Amino acid sequence: MGFAHEYAAAIMQRGRVHMEPVSFVPDWSDRPRKGKFYPGAESFPLPEGDCPATATVRAGVLPDRAERDEPFTLPLLGGMLLDSYGRVGRRLGVQANTDLPSLPCYTDANFSRGTASGGGLYPVTVYWVSGAAGPLTPGVYHYSTTHHAMQRLLAGDVSAEVRDALADPELPEECDQFLVLGVKFWQNAFKYNSFSMHAVSMDVGAALQTWRIWARARGLRVEPALWFDEERLGRLLGVSIEEEGLFAVVPLRWEGTRPGAARPGTRPGAARPAAVPGDAPSVRRQDSERSRRVLTFETVRRIQAATAENATARPAPGALLPAAVAAAPDGERLALPDPRPPEMGVRQALRQRRSSFGRFDARRPVEGEDLAATLAACAAASLDSDAGDGAGGARLTRLYVFVNHVRGIAPGAYAYDAATGELVLVKPGPPGGFLQRNYFLSNYNLEQTGAVVVPAVRTTAVLDAVGDRGYRLVNATIGAVAQTFYTTATALGLGSGVALGFDNLSFVEELGLAATGEAPLLVMLIGHERPGTADFRYEIA
C-alpha cells in the first residue's frame, strides 16, 4: 500500500483532522505568478481560431468519441487554447466570495478563463512539442496565457523524445505534435500547502475536458495519456518533476500528415537508439519565479514521488474493472423528464462560465429536464486515454443528488442511475440544513440552490487496481465531471458553482457509502441566480 492511500485518507478526514501544516498562513504579498514567465523567450502570437455557432455544447459533450477524426491546424489549436486557458474576461461582478474587495484592483485582477480551477489559481502549464509536420520551426514551446502566444524554449525536432516517453504501440508513426500539461506546485501550494496536489490534479482533468468538449464540436479528437516516462519528459522540458509534475500528454493529428506515413527522417517500424542521459536534448531556458521565498511541503513531495514512481506502468485492459461503482442501490425510483438539449455555442458557454458565489435564488425552481440534462452530461464525462483502456468500460464515478428546489421532484437525497436516467431515493426530506452545516465557507447558501450534485469514486479500489498513479486518474476524472457540469449548466442558462470545502465524511455517513467504499470528492451546485445583480462591464470601460 503506497502513500497515495494515506493521502486520500487524509483528504477525506480533513474536515475533522486538519492536514499539516496546521498553522500555515499564505503570504499574499509574496505570492507566485499564476503562469510561468520565461524572460527573453521569442514569442509567436496565436490566431484566435473559431468555434462556429453550429458547434453547440450538446454536440461537444455527448457524441461518441469516434464520430470524426479531423486534423488540427494552427487556427484550431489557437482557438482551443484561447477558449480553454486564455484570458477572455474579468471577474468583477458583485458576489459573496471573500476575494471581492481586491478584484477591482488591477494588481489583484482575477482574469476569467473557460476552464475552472481550484481557488481560481490556474496553475496548469501547457507546453507544445512540435515536430517537422507543424507550422512553426520544430521545437518546444510554452503557451503564454497572458499574451495568447507560443514562446519558443528550444529549437529542433525533439518529438521522438515524447514518443519514446509515451511508449505507446498504438500511437501513429506520423504523429509528431504533442501538448504536455504540467503543474508547478508552488503556484498552488503557496495558498493550499499540503492540500494542493488534490486541487491541481482536478485542474488537469478540467483542462483536458474543456479540450475534449471544444474539439468534439469541431470533429477533432483529444485523447490524453496519463501514464508515460515522466522523468524523461521532465529532462526534455528542463524541469525537476519534484517541483513541477507532468500530468498528461495529448498527441495531436496534424493537417498534412497521412495516416500510416512515417515522420520525416524515419522508417515505419524502425527502432530508435536509446537516449544517452547526458546527450538527451533539454530545454535550458528557465522560468523566472516571482516569489522571494519558495516553500516545499513534505506531504506534496511524498504524493508527487508516489504518483511518479511507476509512471510507465500503463494499466492493462480491464485493470480498473474491480474499481467500478456497483449497480444503483435499491430504493424508490423516480423517472426524470427527457433532458433539455443545451444549444448554446461552445465558445459562448466557456466564456460565460462563472461561479455563482452567493447569487442562488430558491424562489425559481430548476426544471426537471435541466437537471436531467446536467446529470446525463456529467455521467458521460470521462477521460479518453490509455487509462480509459485500462478501465475497460468500467464506470468509475457515481453521482448523488441533493434536491432542494426542483420542479416535480420531492426534496431529498438521491443516487443517479446513469443507465436508466432515473433517480433512486436514498433519504427523503429537505437536505438544506445538512448541506449548510457541513460546508466550511461563507460564499454559498447551499439551501438556496436547486440541487447539489456530488460525484463519488471508489478511490481506494482504484489505487489497489493500478497503483499510486491512479490517484491522478481519480482526480482528473472528477475534474472532467466538474468542467462538464459548469459548461452544461451555463449552456442551459443556469447558475453553477463547484466547491471542495465540505466535510467529506459527513456525506459518507449521510449517503451510507461506507460499505461501497465510495468517496464523495466535490459538491457541485446548480440553480437560478437572483435577477438584476450588479456587474461591471469591463469590456467597454
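Scoring rules and cut-offs
- Residues numbered from 1 in each chain as written.
- Predicted model: local features only at pLDDT ≥ 70, side-chain atom pairs only at ≥ 80, totals over all residues.
- Heavy atoms only, no water.
- Salt bridge = Lys/Arg side-chain N within 4 Å of Asp/Glu carboxyl O.
- Helix = DSSP H or I, 4+ residues; strand = E, 2+ residues; numbered from the N terminus.
- Buried < 20%, exposed > 50% of the residue type's maximum accessible area, 1.4 Å probe, protein only.
- Pairing = 2+ DSSP bridges.
- Axes fitted to C-alpha atoms, helices over the stretch in contact; angles between N-to-C directions.
- Contact = heavy atoms within 4.5 Å.
- pLDDT = per-residue confidence, 0-100.

1. Structural notes on the pattern of salt bridges
Working step 1: Evaluated as defined, the whole model comprises 25 salt bridges.
Working step 2: Of the charged contacts in the structure, one is a salt bridge between Glu230 and Arg472, with a shortest N-O distance of 3.2 Å. Of the two residues, Glu230 is situated in helix H7 (residues 230-237) and Arg472 in helix H14 (residues 470-491); the sequence distance between them amounts to 242 residues. Here Glu230 matches Arg472 in class, with each residue buried.
Working step 3: For Arg359, the salt bridge is made with Glu529, and the minimal N-O distance between the two is 3.8 Å. Highlighted residues: Arg359 in the loop between helix H9 (346-352) and helix H10 (368-380) and Glu529 in the segment after strand E16 (523-527), separated in sequence by 170 residues.
Working step 4: Given the relative accessible area of 23%, Glu529 is considered partly exposed.
Working step 5: Within the structure, one salt-bridge network assembled from shared partners comprises Arg16, Asp503 and Glu509.

2. Brief notes about the sheet that holds strand E5 (residues 139-144)
Working step 1: As summarised here, the arrangement of the six strands in space is E1-E6-E5-E4-E7-E8, forming an open sheet in which the pairing is antiparallel. Each end of this open sheet is capped by a strand with a single partner; those strands are strand E1 (43-45) and strand E8 (244-252). Adjacent strand axes in the sheet meet at a mean angle of 30 degrees when their direction is disregarded.
Working step 2: When E5 meets strand E6 (residues 149-155), the two strands line up antiparallel, connected through six bridges. Paired with Tyr143 across the bridge in E6 is Met150.
Working step 3: Sheet strands touched by helix H6 (residues 196-217): strand E4 (124-130), strand E7 (177-184) and E8. Its angle to E8, the strand with the most contacts, is close to 15 degrees.

3. Here's the deal with the pairing of strand E14 (residues 495-499)
Working step 1: A large share of E14 lies buried, amounting to five of its five residues.
Working step 2: Taking every second residue as pointing to the same face, both faces of E14 are buried, with Gly495, Gly497 and Ala499 on one and Ser496 and Val498 on the other.
Working step 3: Bridge analysis of E14 against E16 gives five bridges, and the strand direction is antiparallel. The residue of E16 that forms the bridge with Ala499 is Val523.

4. Some words on the confidence of the model for the protein
Working step 1: Per-residue pLDDT for the protein has a mean of 89; in total, 88% of the residues score no lower than 70.
Working step 2: Between residues 267-276, whose pLDDT stays under 50, and residues either more than four places distant or in other chains, the model counts nine contacts.
Working step 3: Between residues 383-389, whose pLDDT stays under 50, and residues either more than four places distant or in other chains, the model counts 29 contacts.

5. Focus on unusual backbone geometry
Leave glycine aside and you will find that most residues have negative phi; peptide bonds, for their part, are mostly trans.
Working step 1: In this model, Glu20 is joined to Pro21 through a cis peptide bond whose omega is 0 degrees.
Working step 2: Turning to its location among the elements, Pro21 is positioned in the loop between helix H1 (3-13) and E1.
Working step 3: Located in the positive-phi region is Ala167, a residue other than glycine, with phi close to 50 degrees.
Working step 4: Following the sequence through the fold, Ala167 ends up in the loop between helix H4 (159-166) and E7.
Working step 5: The class for Ala167 is exposed, based on a relative accessible area of 53%.

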